[in-house]
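So you can see what is in the structure, the chains are spelled out below.
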Amino acid sequence: MILSIESSCDDSAIAITEIETNKLLFHKKISQEIEHSVYGGVVPELAARLHAEALPKILEQTKEYFPHLKAVAVTSTPGLAVTLVEGVTMAKAVAVALDIPIIGVNHLIGHIYSLFIEKQTQFPLTCLLVSGGHTQVMEVKSLSDIKTVGKSMDDSFGESFDKVAKMMGLGYPGGPLIQELAKDGNREAYNFTVPLHQSPLIAFSYSGLKNAVRLAVEKADGDTAKYKDIAASFEHIATKHLIMKLKKYFKTNPPKRFAIVGGASANLYLRSQIEELLKPYGAKLLLSELQYCSDNAAMIGRVGVDMYKEKSFSTVADLDVQPRSNL
Ligand code: KG4
Ligand code: ZN
């Protein structure tokens, strides 16, 4: 079995995965959403302190599996340096105490593998990652052959929802809150410009849209009906931006198997628009189970299983945290 630990942002999670069967034997996550909600975003120092409280509590519950552990896998990149360190330090202690190898896992590959929890992998695949930290399109041929073909130049898709929610004083995380508010709004009410619509680049940008929304929110001055229309129009344009860039990319790289992963892949409007986009290609759409869209340790454990089979181990002395991903 593999013990896996996730602490890259505001979720403390530990899982136990059986190597032979990919079976998830244990998974527990303690989220910090309530604690960060008053600040409208994640406060790194607070997050680190909460991980230091939560991770040992969860680890204690996994003791019965210790005699069966073959390796410990931990998110080591990308994420907040001060929170990654909490998980990595715990993983090192477990690895030394049990004399087992340590595996440093890339959180973005973790999101890709959220598709394969308790399942076999399915490659090749074109993958859209939409989370709080990332917006990128990847061509995934295997665990070790992942090519990023487009990414955000500034804010991420999920982050833009968080910021719009903060402007409206709704709390954190903003994705589900904006999605809910948008349900009763008119998507055509505000004519926000689609980012980079004239650019030939396969790239994303959310800072301009965010600023346009800020002006609209200020003008609406707390009017609930207008907030609903702004939320709906923002969600529509934020999604249309992804769809237009994917359409452009598909002209030269038609998809056969396509996946949406990451916390924001839970967005229902995005899911419906991607389904429409894929129809002419007859491409198969892969989605993670809703409970595994946001950060979790099950996806890190699933990557851990494949890295264990390839003997992709680090040493306790050398495994370092890397706040930025090399993907
Ligand atoms: O993958 P994740 O849990 O954490 C990161 O690795 O960043 O993603 C969290 C992000 C947050 O920005 C959150 O607002 C967004 O995913 N999110 C959503 C929805 N649910 C979560 N964004 C849009 N619509 C949603 N339904
Ligand atoms: Zn994530």
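Refer to the structure printed above.
Rules behind the numbers
- Residues numbered from 1 in each chain as written.
- Chains lettered and ligands numbered in written order.
- Predicted model: local features only at pLDDT ≥ 70, side-chain atom pairs only at ≥ 80, totals over all residues.
- Heavy atoms only, no water.
- Pairing = 2+ DSSP bridges.
- Helix = DSSP H or I, 4+ residues; strand = E, 2+ residues; numbered from the N terminus.
- Axes fitted to C-alpha atoms, helices over the stretch in contact; angles between N-to-C directions.
- Contact = heavy atoms within 4.5 Å.
- Donors = N, O, S within 2.8 Å, 3.2 Å for Na, K, Ca; no water.
- Tetrahedral: all angles 85-135°; square planar, octahedral: opposite > 155°, others 65-115°.
- Buried < 20%, exposed > 50% of the residue type's maximum accessible area, 1.4 Å probe, protein only.
- 1 Å grid on protein atoms, 1.4 Å probe; cavity = no way out; pocket = protein on both sides within 12 Å on 5 of 7 lines; lining within 4 Å.
- Points joined across faces, edges and corners; volume = space filled by probe spheres on them.
- Nonpolar A, V, L, I, M, F, W, Y, C, P; charged D, E, K, R; others polar.
- Near = heavy atom within 4 Å.
- Polar contact = N/O pair within 3.5 Å; in protein donor to acceptor, adjacent residues only side chain to side chain.
- Areas by Shrake-Rupley, 256 points an atom, 1.4 Å probe, with all protein chains shown as cover.
- Domains from an automatic or database assignment.

Caption draft 1: Looking closely at the sheet that holds strand β5 (residues 102–106). Sheet architecture is open: five strands sit in the order β3-β2-β1-β4-β5, paired in mixed fashion. With partners counted over all chains shown, the strands left at the sheet margins are β3 (24–31) and β5, one partner each. Going across the sheet, the axis of each strand differs from the next one's by a mean of 20°, ignoring polarity. Where strand β2 (residues 11–17) lies against β3, seven bridges are found, and the strand directions are antiparallel. Of the residues in β3, the one forming a bridge with Ile16 is Phe26. On the sheet, helix α2 (residues 44–60) packs against β1 (2–6), β2 and β3 and is oriented at approximately 25° with respect to β2.

Caption draft 2: Structural view of the coordination of the zinc ion (ligand 2). Bound to the zinc ion (ligand 2) are the protein donor atoms His107 (NE2), His111 (NE2) and Asp295 (OD), situated 2.0 to 2.1 Å from the metal. In this structure, the zinc ion (ligand 2) is surrounded by four donor atoms whose angles at the metal cover 94 to 139°, and the resulting shape is irregular.

Caption draft 3: A look at the pairing of strand β6 (residues 125–130). Where burial is concerned, most of β6 is hidden: six out of the six residues are buried. Side chains Leu125, Cys127 and Leu129 of β6 all project onto a buried face; the interleaved residues Thr126, Leu128 and Val130 project onto the opposite face, where all are buried too. Of the strand pairs in this sheet, β6 and strand β7 (residues 135–142) are connected by six bridges, and their pairing is antiparallel. Bridged to Cys127 within β7 is Met138. Counting the residues that bridge the hairpin from β6 to β7 gives four residues. Inspection of the sheet shows β6 paired to strand β9 (residues 257–261) by four bridges, in the parallel sense. When the sheet's bridge partners are listed, Leu128 is paired in β9 with Ile260.

Caption draft 4: Summary view of the environment of Glu20. Note that Glu20 resides in the loop between β2 and β3. Relative accessible area serves as the criterion here: at 76%, Glu20 is assigned to the exposed category. With 226 residues separating them in the primary sequence, Glu20 and Leu246 have C-alpha atoms 36 Å apart.

Caption draft 5: Structural view of the layout of surface pockets. Of the voids in this model, the largest pocket is the one considered here, and its volume is about 1,200 Å³. Taken together, 43 residues make up the lining of the largest pocket; nearest its centre are Ser131, Gly132, Gly133, Asp162 and Tyr172. Of all the secondary structure elements, the ones that give two or more residues to the lining of the largest pocket are β3, α4 (107–113), α5 (157–167) and α6 (174–182). Taken together, the residues that form the lining of the largest pocket break down as 16 nonpolar, 18 polar and nine charged.

Caption draft 6: Up close: the site of ligand 1. In the region of ligand 1, 21 residues are neighbours, and Gly132, Asp162, Gly175, Gly263 and Asn267 sit closest. Contact distances for ligand 1 include 3.1 Å between an oxygen atom and a backbone N or O atom of Gly133. Here Ala264 contributes a backbone N or O atom positioned 3.3 Å from an oxygen atom of ligand 1. Its free accessible area being 560 Å², ligand 1 has 89% of it covered by the protein chains. Of all elements in the fold, only α4, α5 and α6 reach the threshold of two or more residues within the shell around ligand 1. Of the domains in this structure, domain 1 (2–117 + 292–309) and domain 2 (125–287) are the two that each give at least three residues to the shell around ligand 1.

Caption draft 7: Structural context of unusual backbone geometry. For the bond running from Phe123 to Pro124, omega is -5°, close enough to zero to count as cis. Position of Pro124 among the secondary structure elements: in the loop between α4 and β6. With an omega dihedral of -5°, the bond running from Tyr172 to Pro173 counts as a cis peptide bond. Its place among the elements puts Pro173 in the loop between α5 and α6. Phi angles above zero are rare outside glycine, and Asn22 is one such case at about 65°. Here Asn22 lies in the loop between β2 and β3. Non-glycine residue Glu118 carries a positive phi angle of around 60°. Take Glu118: it is sitting in the loop between α4 and β6. According to the relative accessible area criterion, Glu118 is partly exposed, its value standing at 44%.

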